[in-house]
Amino acid sequence: MEVELKLFRLLWKLAFRLDNDDCRKNRLINCQMLIILTERHSSEIYNLISDDKEYYSNISNLINKIRYIIIYLSKFKKNLFCLLSQGAQTIIREICKKDDECLLYGWFVHDSLTDYYNTVLNCMNTNLSFFIEEYDWKNVFNFSDNIEWEMQVNQLITFYYCSASSNDIALERSNSTILPCFDKFNNQEKIEFLLTNIELSYQLCNKENLKRSHQFLRKHFEKILPKEFDFTVYPQFNAQTLQETFPDISQLNKLD
């Protein structure tokens, strides 16, 4: 264990402070190694950082390195972030205000996950370039194992999909968010929330190239919802309005 703790100290410097060709080339794998070591020796590493706060708080303020420390810190409880000096915490907080990826992963700079939820939701509403990939959603779910948090992430997924500013973006978000995370909509409350918001979104309604996704979702939802569930109040998922065959993709450029 002593060897691994020494390795942790060295990797911290290489990943979050230094900047040369080798560091840039290996920053991701060094960050991944730090995550593995922290998971393996969490209490010892918490003590290590607490006992040498000056060393571990001496981080670069360049965004390309700060991104990695934010991703690293996002994997653990908030008290790991709180072990850093106020100066280091301020650097991280300020970057989270300026960079979309840092904002998404920097849940721990907020007083609560609800505050973080509201920040991400506001970004979705005001920043048209805000982009969340399938891999990101999986990490966001893991910020907490609380059932309430899972519900809030489902709501974020719904809002992200339904706030698409164009048909093309809606299709992209369907493929990167809704379909990969469809199994997270695993009870009637979550499903009805999604269905209701889809019906309220102009960009998602009556679009031929989204019917494939909605067909797939309906088949999944039918396995969970009671047999008497009334899909007719949701036209985008009503069997009579969903085509039984996939649309002619040659016509997609004529939509809208």
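If you're wondering where the values come from, they're calculated on a predicted model, not measured in any experiment.

Here is what the cut-offs are and how they apply
- Residues numbered from 1 in each chain as written.
- Predicted model: local features only at pLDDT ≥ 70, side-chain atom pairs only at ≥ 80, totals over all residues.
- Heavy atoms only, no water.
- Helix = DSSP H or I, 4+ residues; strand = E, 2+ residues; numbered from the N terminus.
- Buried < 20%, exposed > 50% of the residue type's maximum accessible area, 1.4 Å probe, protein only.
- Contact = heavy atoms within 4.5 Å.
- Areas by Shrake-Rupley, 256 points an atom, 1.4 Å probe, with all protein chains shown as cover.
- Salt bridge = Lys/Arg side-chain N within 4 Å of Asp/Glu carboxyl O.
- Phe/Tyr/Trp six-rings, centres within 6.5 Å; stacked < 30°, edge-to-face > 60°.
- Axes fitted to C-alpha atoms, helices over the stretch in contact; angles between N-to-C directions.
- Parallel < 35°, antiparallel > 145°, perpendicular 65-115°, else oblique.
- Left-handed = near helix turned anticlockwise from the far one by under 90°.
- Nonpolar A, V, L, I, M, F, W, Y, C, P; charged D, E, K, R; others polar.
- Expected span 1.5 Å × (residues − 1).
- Polar contact = N/O pair within 3.5 Å; in protein donor to acceptor, adjacent residues only side chain to side chain.

Visitor: Go over the overall build of the chain, please, and point to the residues and values.
Guide: Scanning the chain from N- to C-terminus turns up 14 helices and 0 strands. Counted from the first residue to the last, the chain has its helices and strands arranged as α-α-α-α-α-α-α-α-α-α-α-α-α-α. Viewed in the frame of its principal axes, the chain has a C-alpha envelope of about 65 × 40 × 30 Å. Scored against the burial criterion, the 256 residues of the chain give a buried share of 46%. Across the chain, every contact between residues at least 6 apart in sequence was considered, and the portion connecting residues at least 24 apart equals 70%. With the model as given, the accessible surface of the chain reaches about 13,600 Å², and the carbon-plus-sulfur share is 50%.

Visitor: Lay out the pattern of salt bridges with the relevant residues and their values.
Guide: Applying the stated criterion across every chain yields a total of 13 salt bridges. As a salt-bridge pair, Arg 40 and Glu 4 come within 2.6 Å of each other at their nearest N and O atoms. Placement of the pair is Arg 40 in helix 2 (residues 21-40) and Glu 4 in helix 1 (residues 2-16), with a sequence separation of 36 residues. Classification of Glu 4 as partly exposed rests on a relative accessible area of 23%. Its salt-bridge partner being Arg 67, residue Glu 101 comes within 3.6 Å of it at the nearest N-O pair.

Visitor: Could you give an account of the packing of aromatic side chains, with specific residues and numbers?
Guide: Tallying each qualifying case throughout the model produces 20 aromatic pairs. Consider the rings of Trp 12 and Phe 16, whose centres lie 4.9 Å apart with planes at 90 degrees: the pair is edge-to-face. Highlighted residues: Trp 12 and Phe 16, both in helix 1, separated by 4 residues, approximately one helical turn. The residues Trp 12 and Phe 16 share a single accessibility class, namely buried. Ring geometry for Tyr 116 versus Trp 149: centroids 5.8 Å apart, planes at 50 degrees, classification tilted. Within this pair, whereas Tyr 116 is found in helix 9 (residues 113-126), its partner Trp 149 is found in helix 11 (residues 147-162), the two being separated by 33 residues in sequence. Classification of Trp 149 as buried rests on a relative accessible area of 1%.

Visitor: Just give me the short version of the packing of helix 12 (residues 167-178) against helix 14 (residues 208-222), but keep the residues and values in it.
Guide: One can describe the packing of helix 12 onto helix 14 by two numbers: an axis separation of 9 Å at closest approach and a directional angle of 30 degrees. Taken together, the axes of helix 12 and helix 14 lie roughly parallel to each other. Crossing angle aside, the handedness with which helix 12 passes helix 14 is left-handed. Note on element contacts: helix 14 touches helix 12 through Asn 209, Leu 210, Ser 213 and Leu 217, opposite Asn 167, Ala 170, Leu 171, Ser 174 and Ile 178. Taken together, the residues that form the contact of helix 12 with helix 14 break down as 5 nonpolar, 4 polar and no charged.

Visitor: Give me the lowdown on helix 11, citing residues and values where you can.
Guide: Along its 16 residues, helix 11 runs 23 Å from first to last C-alpha, staying within 8% of the 22 Å computed at 1.5 Å per residue. Looking only at helix 11, the buried set comprises Trp 149, Met 151, Gln 152, Val 153, Asn 154, Leu 156, Ile 157, Thr 158, Tyr 160, Tyr 161 and Cys 162. Here the buried face of helix 11 lies against helix 9, helix 10 (134-141), helix 12, helix 13 (188-200) and helix 14. Taking the backbone nitrogen of Glu 148 as reference, a side-chain oxygen 2.6 Å away marks Asn 146 as the first, capping residue of helix 11.

Visitor: Residue-level account of the packing of helix 9 against helix 11, with values.
Guide: At a minimum axis distance of 10 Å, the contact between helix 9 and helix 11 shows a crossing angle of 5 degrees. Judged on the interaxial angle alone, helix 11 and helix 9 are roughly parallel. On the side of helix 9, the interface is formed by Leu 113, Thr 114, Tyr 116, Tyr 117, Val 120, Leu 121 and Met 124, while helix 11 contributes Trp 149, Gln 152, Gln 155, Leu 156, Phe 159 and Tyr 160. Of the residues in the contact of helix 9 with helix 11, the class split is 10 nonpolar, 3 polar and no charged.

Visitor: An account of the environment of Asn 209 is requested, with residue identities and associated values reported.
Guide: Looking at where Asn 209 falls in the secondary structure, it is placed in helix 14. Its relative accessible area of 11% is what places Asn 209 among the buried residues. Taking the C-alpha atoms as reference points, Asn 209 and Tyr 72, 137 residues apart in sequence, are found 38 Å from one another.

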